[in-house]
Amino acid sequence: MERNEAKGTPVVPKRILSSLLASVSAGVVPRAGAPYIAIGRTDEIAALLSDLEAVNEGGGSMRFLIGRYGSGKSFLMQLIRGYAMERNFLTADADLSPERRLYGTGGSGVATYRELMKNLASKSSPDGGALPKIIARWISEKQNEVVLSGISPDSVEFTDALGRAVLEDLREMEFLVGGFDFARVVTAYYRAYVGGDEDKKSACLRWLRGEYSTKTEARHDLGIQVSVIIDDDNWYDFLKLWAALARAIGYRGLVVFVDECVNLYKISHRVSRENNYEKILSMFNDTLQGRAPGLALILGGTPQFLEDTRRGLFSYEALRSRLCDSRFALEGFKNLIGPVIRLRRLSDDELFALISRVTKLYAQNYGVEPRITTEQMGQFLQICLSRAGADSMITPREMLRDYMTVLNILMQNPDATFEQVVGSAVTLTPQNAPGEEEDAPARTAEEAPAKKYTIDELEF
């Protein structure tokens, strides 16, 4: 990674840097550039990367990332998404909403599948929409294999040999639920790709993305007999098929991220809510019992979504018995091997390292030195922590939004001072911790353990 030697900070491409800072300012998780501001989640990252290794070996995995709003769940998901693509996994992500659920009628279940397919990404297509490129790459590799076997592309045998190579990869799909139709449609896409039939390719992609509402319409457009379409009831079975196909065509597996699971907790109808929890139980059992090879599922939600015994996951006894903490899991002990990862609050040192990193990236983006000293950074953090309950409840999102506001005002108002900006924004005065001297010096960048949280240590 290229670095600014004078500052010791990574040199970030302008396009990524601008988007990154805009996302941070708005309190939105950046789609790109997350590793540049990754601080203090080393253990959680290592635990999730170990899951990817298990998936690479043909296993399955399911994790629940639990934390308050703004604690870094979505950020950690985007971070792992980037690492997964670098390791040649396919990724797909979706946020749940009232219109997108894990189980539902009227299209709310399959809507989640469609969102996942829209965001399907690979190392060569990190922004999503990778479905046609993935299949095209696979067919191209098969063509190269046939050529390397000594068969000329211009010969009659070439088409037959290519067809056999494609069918060999799809053979295992036929024994899975929905696999026969899935393999037929992928085969039809291959033939349309080779024959240059754009209409047939488009129809196959529509079926694979779950966009047909009736089997009659699908059969008419595809020109082949299919017994099923992807709908609210079976979309998860096809997710497992995509994981199996990913491994068959040269990827290491499929990693699926489902965020905003708190929307399931908000479902007022008890039966509908429990049907969604039943779907989560099915996913949990499949991945941990080896029935979903090559599939990793990472779900993000709030403590309320998990622990509420009236409407949360713990209201569903089968999930509560699987996900609740053991009586030996005492507070203060770390356990990142279980299915639930609870995001701890970043330490004061980590929060200071975070705003120090953002300050340097801000200077790089705007080409100006922010008018804020390391002592003032320490004062800003102390003011944030002085709020009632902030010592345990402060989140990176709210702190960074406030800090970016301070940087923006100082840059755009040359006559404004740090004391004026911060003094007008807060009503509380900094409180010293018990036993701390009144004139204790603010922490400097050198005193903060910045080296411990450098970007290099997050690049596995």
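These numbers come from a predicted model, not from an experiment. (Residues numbered from 1 in each chain as written. Predicted model: local features only at pLDDT ≥ 70, side-chain atom pairs only at ≥ 80, totals over all residues. Heavy atoms only, no water.)

I'm lost on the environment of Ile-409 in this one. Help?
Take Ile-409: it is sitting in helix H18 (residues 396-412). C-alpha of Ile-409 to C-alpha of Val-421: the two residues are 12 residues apart in sequence and 7.6 Å apart in space. (Helix = DSSP H or I, 4+ residues; strand = E, 2+ residues; numbered from the N terminus.)

Help me understand the environment of Val-262, please; the structure alone is not making it clear to me.
Tracing the sequence through the fold places Val-262 in helix H11 (residues 262-265). A C-alpha to C-alpha distance of 8.2 Å links Val-262 and Gly-300, two positions 38 residues apart in sequence.

Could you clarify how one ought to interpret the nonpolar core in this entry?
For soluble globular proteins, nonpolar side chains are generally found buried alongside one another. The biggest cluster of nonpolar side chains holds 82 residues, and the ones touching the most others in it are Phe-64, Phe-182, Trp-207, Leu-239, Ile-280 and Phe-305. Not counting residues within four places of it along the chain, the set of residues in contact with Trp-207 comprises Asp-181, Phe-182, Val-185, Tyr-212, Ala-218, Leu-222, Val-226, Val-228, Ile-229, Ile-230 and Phe-238. Ranked by size, the runner-up nonpolar core spans 61 residues in total, among them Ile-16, Ile-39, Ile-383 and Ile-394. (Core = buried A, V, L, I, M, F, W, Y, C linked by side-chain atoms within 4.5 Å. Buried < 20%, exposed > 50% of the residue type's maximum accessible area, 1.4 Å probe, protein only. Contact = heavy atoms within 4.5 Å.)

Sorry if this is basic, but what is going on with the sheet that holds strand S6 (residues 295-301) here?
Note on sheets: strands pair through backbone hydrogen bonds, and any given pair is parallel or antiparallel. Across the sheet, 5 strands lie side by side as S4-S5-S6-S3-S7; this open sheet has parallel pairing. Every other strand in the sheet has two partners, leaving strand S4 (90-95) and strand S7 (340-342) as the edge strands with one partner each. Sheet twist, expressed as the mean angle between neighbouring strand axes with direction ignored, is 15 degrees. Bridge analysis of S4 against strand S5 (residues 254-259) gives 6 bridges, and the strand direction is parallel. Counted as the bridge partner of Ala-92 is Val-256 from S5. Contacting strand S3 (61-66), S5, S6 and S7, helix H2 (residues 42-56) crosses the sheet at an angle of about 160 degrees to S3. Sheet contacts for helix H12 (residues 270-288): S3 and S6; angle to S3, the most-contacted strand, approximately 130 degrees. (Pairing = 2+ DSSP bridges. Axes fitted to C-alpha atoms, helices over the stretch in contact; angles between N-to-C directions.)

Please clarify how the packing of helix H6 (residues 156-170) against helix H7 (residues 179-195) should be interpreted in this entry.
The description of two packed helices rests on the angle between their axes and on the distance between the axes. The geometry of H6 relative to H7 is characterised by a closest axis approach of 10 Å and an angle of 150 degrees between their N-to-C directions. Put simply, H6 runs roughly antiparallel to H7. In this structure, H6 crosses over H7, and the sense of that crossing is right-handed. Facing Thr-159, Leu-162, Gly-163, Val-166, Leu-167 and Leu-170 of H6, the residues of H7 in contact are Ala-183, Val-186, Thr-187, Tyr-190 and Val-194. (Parallel < 35°, antiparallel > 145°, perpendicular 65-115°, else oblique. Left-handed = near helix turned anticlockwise from the far one by under 90°.)

Please explain the side chain of Ser-108 as it appears in this structure.
The residue Ser-108 is located in helix H4 (residues 108-118) in this model. Classification of Ser-108 by relative accessible area gives buried; the value is 9%. Within polar-contact distance, the side chain of Ser-108 engages the backbone oxygen of Thr-105 at 3.3 Å. Apart from the residues within four sequence positions on either side, Ser-108 is in contact with Glu-99, Arg-100, Arg-101, Tyr-103 and Asp-232. (Polar contact = N/O pair within 3.5 Å; in protein donor to acceptor, adjacent residues only side chain to side chain.)

What exactly am I supposed to notice about the pairing of S3 here?
For S3, a buried count of 6 out of 6 residues is recorded, marking the element as mostly surrounded by other parts of the structure. Side chains of S3 alternate between two faces, with Ser-61, Arg-63 and Leu-65 and Met-62, Phe-64 and Ile-66 buried alike. Pairing of S3 with S6 involves 6 bridges; the strand directions are parallel. Its bridge partner lying in S6, Met-62 is registered against Leu-297. The pairing of S3 with S7 spans 3 bridges and is classified as parallel. Of the residues in S7, the one forming a bridge with Phe-64 is Val-340.

When you look at the pattern of salt bridges in this model, what are you seeing that I'm missing?
One side chain can pair with another of opposite charge once the charged atoms of both are near each other. Here the structure, examined in full by the defined rule, presents 24 salt bridges. Taking the shortest distance from any N to any O, the salt bridge between Arg-41 and Glu-44 comes out at 3.7 Å. Put simply, Arg-206 and Glu-217 hold a salt bridge, and the shortest N to O gap is 3.6 Å. Here Arg-206 is found in helix H8 (residues 198-208), whereas its partner Glu-217 is found in helix H9 (residues 215-222), with 11 residues between them in sequence. (Salt bridge = Lys/Arg side-chain N within 4 Å of Asp/Glu carboxyl O.)

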